[in-house]
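Below, each chain spelled out in residue letters.
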Amino acid sequence: LAGLRRQAAVAISQELSKLAHRSAGPSAWISHVRRRSSLLSSRLEEKPFSEMEMSYIKQGEEALQKSLSILGNLDGWKTETAAGNGDKVLSKVLPDVGKVFRLEVVVDQPLDAVYSELVDNMEQMGDWNPSVKEVKILQKIGKDTVITHEKAAAPPGNIVGPRDFVSVRCAKRRGSTCVLAGMSTKYGAMPEQEGFVRAENGPTCMVLRPLAGSPSQTKLTWLLSIDLKGWLPKTIINQVLSQTQVDFANHLRQRLARTVAAGC
């Protein structure tokens, strides 16, 4: 079928060329149809996504939509921690998800710098975030979706043993707002690893947008939803997760400051 479409597109283009030579110049509609014909030919040459790849893309979109829906509902959030610099972590319990955490911070760097660190350089996160041992991209699907494997570093005192995650992530930019969303997924090439408990996350997302009135600063909102699995008291889990978010903000600031200094 694709071959027949391609042949049809070529034939249309040839006929339009003949019409153009018969007249003083191609009319507007001929030019328009030729452009559409060329576009059709180029699209037919593109490699289509497989059924599995489409399922991952759909999972990423679902994570994004569900995360934004959770963040958009401002009712019921309770403060977990509030720092003197304005950083705060809030939480609430959702019937179908469980307890979710919401970090709200302002980073003294422009959005593009924060986006580059969190998306373009995500595999380097283990270099600056002590709670992450390793992030590895397993597969890229189109321009917006990736499958990742993350190994979490054990916290001090080894309160929570080694965990790892396999996630589908998508990154979308809507005007001046960037949304980085994700959720756990299954990936045949990355089965459960010896020495790690396969935990689950999601829906989760980070929303980045310029701070109102100060485009050189970025407002970062991070929705965190994790099931660490295993037999762990919820009080310990909640303490670890909220502190992880606070620590993340501080380590991100330090990383960005070093990157800016190195580029000067």
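Refer to the structure printed above.
Description of the structure in this document. It should be emphasised that the depicted structure is a prediction, and the values quoted were computed from it without experimental measurement.

Conventions we followed
- Residues numbered from 1 in each chain as written.
- Predicted model: local features only at pLDDT ≥ 70, side-chain atom pairs only at ≥ 80, totals over all residues.
- Heavy atoms only, no water.
- Helix = DSSP H or I, 4+ residues; strand = E, 2+ residues; numbered from the N terminus.
- Buried < 20%, exposed > 50% of the residue type's maximum accessible area, 1.4 Å probe, protein only.
- Areas by Shrake-Rupley, 256 points an atom, 1.4 Å probe, with all protein chains shown as cover.
- Pairing = 2+ DSSP bridges.
- Contact = heavy atoms within 4.5 Å.
- 1 Å grid on protein atoms, 1.4 Å probe; cavity = no way out; pocket = protein on both sides within 12 Å on 5 of 7 lines; lining within 4 Å.
- Points joined across faces, edges and corners; volume = space filled by probe spheres on them.
- Core = buried A, V, L, I, M, F, W, Y, C linked by side-chain atoms within 4.5 Å.

1. Description of the overall build of the protein
Then, in step 1: For the protein, the helix and strand inventory stands at five helices and 12 strands.
Then, in step 2: Burial status across the protein gives 38% buried among its 264 residues.
Then, in step 3: Working note: accessible area of the protein is about 15,100 Å², and carbon and sulfur atoms make up 55% of it.

2. Overview of the pairing of strand 6 (residues 163–174)
The two faces of a sheet get side chains in turn, since along a regular strand they alternate between them.
Then, in step 1: Pairing geometry for strand 5 (residues 145–152) and strand 6, over eight bridges, is antiparallel. Each residue of the ladder has a partner; that of lysine 151, found in strand 6, is aspartate 164.
Then, in step 2: In this sheet, strand 7 (residues 177–184) lies alongside strand 6 in antiparallel orientation, the contact comprising eight bridges. Bridge assignment links cysteine 170 to a residue of strand 7, and that residue is alanine 181.
Then, in step 3: The turn joining strand 6 and strand 7, which pair antiparallel and follow one another in sequence, is formed by two residues; a positive phi near 65 degrees is taken by glycine 175.

3. Thoughts on helix 4 (residues 111–120)
Then, in step 1: Of the positions making up helix 4, those classed as buried are Leu111, Val114, Tyr115, Glu117, Leu118 and Val119.
Then, in step 2: The inward-facing, buried residues of helix 4 abut strand 3 (98–107), strand 6, strand 7, strand 10 (204–211), strand 11 (214–224) and helix 5 (234–263).

4. What to know about the layout of surface pockets
Then, in step 1: Looking at the second largest pocket, its volume works out to about 450 Å³.
Then, in step 2: Residue lining of the second largest pocket: 20 residues in total, with Val97, Gly98, Lys99, Ile226 and Asp227 positioned closest to the centre.
Then, in step 3: Mapped by element, the contributors of at least two residues to the lining of the second largest pocket are strand 3, strand 9 (200–201), strand 12 (226–227) and helix 5.
Then, in step 4: The element contributing the most residues to the lining of the second largest pocket is helix 5, with four residues.

5. Digging into the nonpolar core
Then, in step 1: By size, the foremost hydrophobic cluster in this structure holds 34 residues, and its most contacted members are Leu118, Leu208, Leu220, Phe248 and Leu252.
Then, in step 2: Looking at this core, the elements with two or more residues in it are strand 3, helix 4, strand 4 (132–141), strand 6, strand 7, strand 10, strand 11 and helix 5.
Then, in step 3: A total of seven residues in this core trace back to one element, the largest contributor, which is helix 5.
Then, in step 4: In contact with leucine 252, other than residues within four places in its own chain, are Val107, Val114, Glu117, Leu118, Trp128 and Leu220.
Then, in step 5: Of all hydrophobic cores here, the second largest spans 14 residues; its members include Ile70, Cys170, Cys205 and Val207.

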